[in-house]
Amino acid sequence: MKLTVYHDGQFWVGIIEETIDNKLRAGQVIFGSEPKDTEILDFVNKKLLAHIEKRKFQVDIEKKEKKVNPKRLARQVAKEMQQKGVSTYAHEALQLELQERKKERKILSKEEKEVLAKKKREIKIAKRKAKHKGR
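Residues take numbers from 1 onward in each chain, read along the sequence in its written order. The predicted nature of this model means local features are confined to residues of pLDDT at least 70 and side-chain atom pairs, given and counted, to a pLDDT of 80 or more, with totals for whole chains, interfaces and linings taken over all residues. Calculation of side-chain values draws on the structure's entire complement of heavy atoms; hydrogens and water are dropped beforehand.

(A) Molecular detail of the sheet that holds strand S1 (residues 2-7). Two strands are counted as paired when DSSP detects at least two bridges linking them. We count a stretch as a helix when DSSP gives it H or I for four or more residues in a row; a strand needs E for two or more, and each element gets its number in order from the N terminus. If you trace the 4 strands from one edge of the open sheet to the other, you get S1-S2-S3-S4, paired in antiparallel fashion. Two strands close off the open sheet at either side, each with one partner strand: S1 and strand S4 (59-60). Bridge count between S1 and strand S2 (residues 12-20): 6 bridges; the pairing is antiparallel. The residue bridging lysine 2 from the neighbouring strand is glutamate 17, located in S2.

In structure tokens:
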């Protein structure tokens, strides 16, 4: 599991990536202002697992496991520390989640519009009947 915290220009954002059996799940957390080390530690200890468990979509990844020289590993870690943003697999998982939420939101808003239109129609009919009631 990996947590990447970076500034996206407006907010401080944390990207959570969890890899299990060559499948990656990713989640995004918006911290707002720059988080202190204690805030990040508190998030990792208390909220991280609950946040990643909410994610439904997983992306297949191709990962080659082999023994890495400690010096090479240190260089890779330094390179990742300089890198800004997230991996393409994490980005893909976040996009799938976003598209699913968008579909759900469209369905809900369509139902709300239909209910509102039906209510307006009933009010209009009731007004019409009230006008002709006295004749």
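(B) Examining the pattern of salt bridges more closely. We count a salt bridge whenever a side-chain nitrogen from Lys or Arg sits within 4 Å of a carboxyl oxygen from Asp or Glu. Tallied over the entire structure, the rule returns 3 salt bridges. The salt bridge partner of glutamate 18 is arginine 25, with a shortest N-O separation of 2.8 Å. With respect to burial, glutamate 18 and arginine 25 carry one shared label: buried. Overlapping salt bridges bring together Glu18, Arg25 and Glu53 as one network. Classification of residues uses two cut-offs on accessible area relative to the type maximum, computed with a 1.4 Å probe and protein chains only: under 20% is buried, over 50% is exposed, and between them is partly exposed.

(C) Layout of unusual backbone geometry. Phi at aspartate 21 is positive, roughly 50 degrees, even though this residue is not glycine. Turning to its location among the elements, aspartate 21 is positioned in the loop between S2 and strand S3 (23-32). The exposure class of aspartate 21 is exposed, given its relative accessible area of 70%. Backbone geometry places asparagine 22, a non-glycine residue, at a positive phi of 60 degrees. In this structure, asparagine 22 sits in the loop between S2 and S3.

(D) A look at the pairing of S3. The pairing of S2 with S3 spans 9 bridges and is classified as antiparallel. Bridge assignment links threonine 19 to a residue of S3, and that residue is leucine 24. The hairpin turn running from S2 into S3, its antiparallel successor, is 2 residues long, and aspartate 21 in that turn takes a positive phi close to 50 degrees. Bridge analysis of S3 against S4 gives 2 bridges, and the strand direction is antiparallel. Paired with leucine 24 across the bridge in S4 is valine 59.

(E) Representation of the side chain of glutamate 97 within the structure. In this fold, glutamate 97 is placed in helix H3 (residues 88-132). The residues touching glutamate 97, leaving out its near neighbours within four places in the chain, are Arg55, Lys56 and Phe57. We call two residues in contact when some of their heavy atoms are within 4.5 Å.

(F) Molecular detail of the packing of aromatic side chains. Whether two aromatic rings pair depends on their centres lying within 6.5 Å, for rings of Phe, Tyr and Trp, where Trp uses its six-membered ring; planes under 30 degrees apart make the pair stacked, over 60 edge-to-face, and the rest tilted. Here the structure, examined in full by the defined rule, presents 1 aromatic pair. Judged by centre distance (5.6 Å) and plane angle (85 degrees), the ring pair of phenylalanine 31 and phenylalanine 43 falls under edge-to-face. With a gap of 12 residues between them, phenylalanine 31 in strand S3 and phenylalanine 43 in helix H1 (residues 37-53) connect regions that are remote in the sequence. Phenylalanine 31 sits in the partly exposed class, given a relative accessible area of 22%.

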